[in-house]
Amino acid sequence: MFSVFRKTKELEGKIDEFLNVILEAALEFKQGMKYYLEGDFDEFEKRSEHVDQLEGRADRLRREIENKLYMEMLLPEARGDVLALLENSDDVLNIVADTIVEFSVEKPEFPPEISNHFMGLVDVSLEAVEEMVATVRAYFKDLTAVRDHVTKIMFFEKESDKIGERIKRFLFDKSDIDLSRKIHIRTFVTYLQTIADKAEDVGDRVSIYTIKRLM
Amino acid sequence: MTWFYLASGLFLGWSLGANDAANVFGTAVGTKMVRFKVAAMVASIFVILGAVISGAGAAHTLGKLGSVNALGGSFTVALAAALTVSWMTKLGLPVSTTQAIVGAIVGWDFFSGALVDTDALTKIVSTWVISPVLTAIFSFLFFKLTRWSLRVIKMHLLEMDLNTRLALILIGAFGAYSLGANNIANVMGVFVTANPFPDVNILGILTLSGKQLLFLIGGIAIAVGIYSYSYRVMKTVGSDLFKLSPIAALIVVFSESIVLFIFASQKLEHLLIRLNLPTIPLVPVSSSQAVVGGVIGIAFARGGGRAINFRVLTRIFWGWIVTPLTAGVISFFALFFMQNVFQQKVYEPIPYVISEAVYEKLNSMDIRDPGLGVLKGKVFRNGRRFKKALKNLTKLSSREINEVIRIAEIDSLKIDSTVANEKLSPHWFTYAQLKAVKSLHGRIFAYKWQLQDALAALCEEWRFKEDTRRNRPYNRELEMKYEKLFEVFRISKMRERYDELHELMGF
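Residues numbered from 1 in each chain as written. Chains lettered and ligands numbered in written order. Predicted model: local features only at pLDDT ≥ 70, side-chain atom pairs only at ≥ 80, totals over all residues.

### As for the overall build of chain B
The number of helices and strands found in chain B is 22 helices and 6 strands. Relative to the globule expectation of 23 Å for 507 residues, the C-alpha radius of gyration of chain B, 24 Å, shows essentially globular dimensions. Counting only C-alpha atoms, chain B reaches 80 × 45 × 45 Å along its principal axes. Relative to its full complement of 507 residues, chain B shows a buried share of 49%. Put simply, of all contacts in chain B between residues at least 6 apart along the chain, 83% involve residues at least 24 apart. (Helix = DSSP H or I, 4+ residues; strand = E, 2+ residues; numbered from the N terminus. Rg over C-alpha atoms; globule rule 2.2 N^0.38 Å. Buried ≥ 20, exposed ≤ 12 C-beta atoms within 10 Å, placed from the backbone. Contact = placed C-beta atoms within 7 Å.)

So this is what it looks like as structure tokens:
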């Protein structure tokens, strides 16, 4: 009897840990990008590596949680939803990890007029991820808080669209940069926008799942 | 032979288990929150416990409606009800065992010429309306309360899942107990008067009265129904009929269980009386309809009755009429066949006669009418004819007529102290009560009231108390004890030869 309660607590802990890992990766990404734009590549590489490790850890945790949910026949009603949430949040983390690797590999060069704006884009996109983590947590613990977090995600996603568009317009208006470099930079702007986009998708799912759960 | 007669009751019990267990565990199993194995075990155990421990209250009321007094009759009445239930289930109509059995009993009343106890009938029929409404009110309140408290407590989804499962099992157990307590009357109620079982003692620890033994067997039949067939019904309830979240289902089952419980619990009645609150009649109600009430309560709590399917409501309403009517008609014709084609006795005729003794008794009760003198000495072969004659020839009020009918009903009771030692449990009857009974050894009574008067004269504890709310449970208990005496000391063959009996009594 008590082992059932213990197991439940353990699984709750695992889910929390999984979300913590995503949050930590998002913060590391931001920090790494700051170093990158400042030109401190050593520090950037350290952060990049850490994000990669976190991504692997999140994958393991996710699998463990999913197995437990199915093996112990927990949450028969919400199981599918929970599974989708975990997978999709993990996808966001994967994109974050892939993006930082791309930076490390391709080392795009940002014109100084843009780098400030680009840091702004990094901030809002990753803030969307942070809010996404808060949303998923709220889905598990406090349904009433879901709405506020989803609203914030939506705001940050729109903001990332706006900043991204501004950067691209500015970039393609400039005549002293090669088209190839323009396109290269644009690719990275799109990466960042995708992160926010995917985070918003998770938020949208949570909204629907919440309605389902409100008895 | 006894078992053959009981078979129709067992069939009815089986169909109750197959259908109504789903009202308790349907959503839990349908949504896979509780495994069927667990649900079936818990439901079976608690249905049986409820039937044996608390089944008497509702069965008493049903017995008043028509005390089917021959096994052949009980068999046919239960069969008619079971046929109605399975037929209507086949047609996909919402059906309730309660309504079927009530209709079938009234069919027996008509066939045997016994009088329909309109008080009991009104009581029963009104609860059909009250119970879903009450369940709706309960589930409305519980839903609001639960939603509010879940917002305040902020429980983790996984913990909620675990707690919901545990609650589904716990409340399911309570629901099964209530179902057994309330609905065993439907299954075995018609066999109570003609009960073939003696009291038994199990290993010297536990004594089961004949009635409890009957209920135990009925409970087992319900359990068999749960194990053999309810899975299918549960899957439909959980996934098709009404989609409820596990928590909403929990609230519905809880409300339903409370309603079934309050219509069955004698203990609760005592408590209400002690607290000076209005009491609730102990009557078998329909669990299926209580569930529908509960779902409607939730729909209202969720905001407006838009979600309510009014077609379901009309169908339930028709169920109140069609089910008892069908069962009554089937019962009437089946009894006719049993009696005339299979030559089985389906009722003990209850004759009525206004003898000198009755006349005097009525006089002493201040019931006087020239018509009674005219009827004196005339034998009536059944209650209905007697009532008709009283209505035509006297100017008595209907209350007085009922009293005359009660007093003039012939019985044949012979007190035997050996039988008393064997069949009257000292745990139930007090020492003084038993002593009084035994002191009447060898006496013969042609009327129930004569025995009652004789005992009341001998012993304080055989006297009814004044009819106040507070005294009602005491009086009902005493009434049940008297019924037990009549059952134990009745010489049934003699009741038919009432002419002989008259001589014996000296008229």
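### With respect to the overall build of chain A
When helices and strands are counted, chain A shows 6 helices and 0 strands. Relative to the 2.2 N^0.38 estimate, which gives 17 Å for 215 residues, the radius of gyration of chain A is 19 Å and therefore close to what a compact globule would have. Seen through its C-alpha atoms, chain A measures out along the principal axes to roughly 70 × 35 × 20 Å. Scored against the burial criterion, the 215 residues of chain A give a buried share of 38%. A fraction of 81% describes how many contacts in chain A between residues 6 or more apart in sequence connect residues 24 or more apart.

### Things to note about the packing of helix H5 (residues 146-173) of chain A against helix H6 (residues 179-213) of chain A
All names here are of chain A. Following both chains from N to C, one finds H5 and H6 inclined at 165 degrees, their axes separated by 9 Å at the closest point. With respect to H6, the element H5 is oriented roughly antiparallel. Regarding H5 and H6, the two cross each other, and that crossing is left-handed. Taken together, the residues of the contact of H5 with H6 sort by class into 14 nonpolar, 6 polar and 7 charged. (Axes fitted to C-alpha atoms, helices over the stretch in contact; angles between N-to-C directions. Parallel < 35°, antiparallel > 145°, perpendicular 65-115°, else oblique. Left-handed = near helix turned anticlockwise from the far one by under 90°. Nonpolar A, V, L, I, M, F, W, Y, C, P; charged D, E, K, R; others polar.)

### Some words on unusual backbone geometry
Residues and elements named next belong to chain A. Of note, the phi angle at Leu 75 is positive, near 45 degrees, even though the residue is not glycine. Within the fold, Leu 75 resides in the loop between helix H2 (41-71) and helix H3 (79-106). A tally of 23 C-beta atoms within 10 Å means that Leu 75 is categorised as buried.

### Thoughts on the interface of chain B and chain A
Taken together, the contact pairs 16 residues of chain B with 15 residues of chain A. The greatest single-element share of the side of chain B that touches chain A, amounting to 5 residues, is contributed by helix H7 (residues 157-188) of chain B.

### Quick look at the pairing of strand E5 (residues 410-414) of chain B
Residues and elements named next belong to chain B. Counting buried residues in E5 gives 4 out of 5 residues, a clear majority hidden from the surface. Relative to strand E6 (residues 444-447), E5 runs antiparallel, the two sharing 3 bridges. Paired with Ile 410 across the strands is Tyr 447, a residue of E6. (Pairing = 2+ DSSP bridges.)

### Topic: the domain arrangement of chain B
Note on interface size: it is often stated as the accessible area lost on association of the parts. Residue and element names in this part refer to chain B. Partitioning chain B into domains gives domain 1 (2-340) and domain 2 (352-505). Computed from C-alpha coordinates alone, the two centres of domain 1 and domain 2 are separated by 34 Å. Each partner contributes residues to the interface: domain 1 has 14 residues there, and domain 2 has 14 residues. In terms of residues, the side of domain 1 that touches domain 2 owes the most to one element, helix H10 (residues 266-274), which gives 4 residues. Along the lines of polarity and charge, the residues of the side of domain 1 that touches domain 2 split into 4 nonpolar, 8 polar and 2 charged. (Domains from an automatic or database assignment.)

### A short note on the environment of Val 252 of chain B
All names here are of chain B. Inspection of the secondary structure assignment puts Val 252 in helix H9 (residues 246-262). Residues Val 252 and Gly 293 lie 41 residues apart in sequence; the distance between their C-alpha atoms is 8.5 Å. Every residue in contact with Val 252, bar those within four places of it in the chain, is listed here: Ser 139, Leu 244, Val 291, Gly 294, Val 295 and Ile 298.

### Re the packing of helix H6 (residues 118-153) of chain B against H9 of chain B
All names here are of chain B. Remark: H6 packs on H9, axes separated minimally by 8 Å, with the N-to-C direction vectors making an angle of 135 degrees. In this view, H6 runs oblique relative to H9, as classed from their interaxial angle. Where H6 crosses over H9, the two elements pack in a sense that is right-handed. Of the residues in H9, those touching H6 at Ser 131, Leu 134, Thr 135, Phe 138, Ser 139, Phe 142, Phe 143 and Thr 146 are Ile 247, Ala 248, Ile 251, Val 252, Phe 254, Ser 255, Glu 256, Ile 258 and Val 259.

### Comments concerning the nonpolar core
Counting 120 residues, the largest nonpolar core has Phe 25, Ala 43, Ala 81 and Ile 105 of chain B as the members making the most contacts within it. If you tally residues by element for this core, the top one is helix H1 (residues 2-30) of chain B, at 14 residues. The residues touching Ile 105 of chain B, leaving out its near neighbours within four places in the chain, are Leu 65, Gly 66, Val 68, Val 77 and Val 190 of chain B. Counting 61 residues, the second largest nonpolar core, distinct from the first, contains Leu 19, Phe 118, Val 146 and Ile 153 of chain A. (Core = buried A, V, L, I, M, F, W, Y, C linked by C-beta atoms within 7 Å.)

### Here's the deal with the confidence of the model for chain A
When pLDDT is averaged across chain A, the result is 93; 99% of the residues are at 70 or more. The element-level mean pLDDT for chain A is lowest in helix H1 (residues 2-38) of chain A, coming to 92, with H5 of chain A highest at 95. (pLDDT = per-residue confidence, 0-100.)

### Points about the environment of Met 41 of chain B
Structurally, Met 41 of chain B can be placed in helix H2 (residues 36-54). Given 15 C-beta atoms within a 10 Å radius, Met 41 of chain B is considered partly exposed.

### Overview of the confidence of the model for chain B
Residues and elements named next belong to chain B. Chain-level pLDDT for chain B is 83 on average; 93% of the residues reach the 70-or-more range. Confidence scores differ between elements of chain B, with helix H22 (residues 498-505) showing the lowest mean pLDDT of 53 and H2 the highest of 93. In the model output, the complex is listed with pTM 0.80 alongside ipTM 0.83.

### Observations regarding the environment of Ser 207 of chain A
Residue and element names in this part refer to chain A. Tracing the backbone shows Ser 207 in helix H6. Measuring from C-alpha to C-alpha, the distance between Ser 207 and Tyr 139 comes to 8.7 Å, with 68 residues separating the pair along the chain. With sequence-adjacent residues up to four places away left out, Ser 207 is seen in contact with Val 146 and Val 150.

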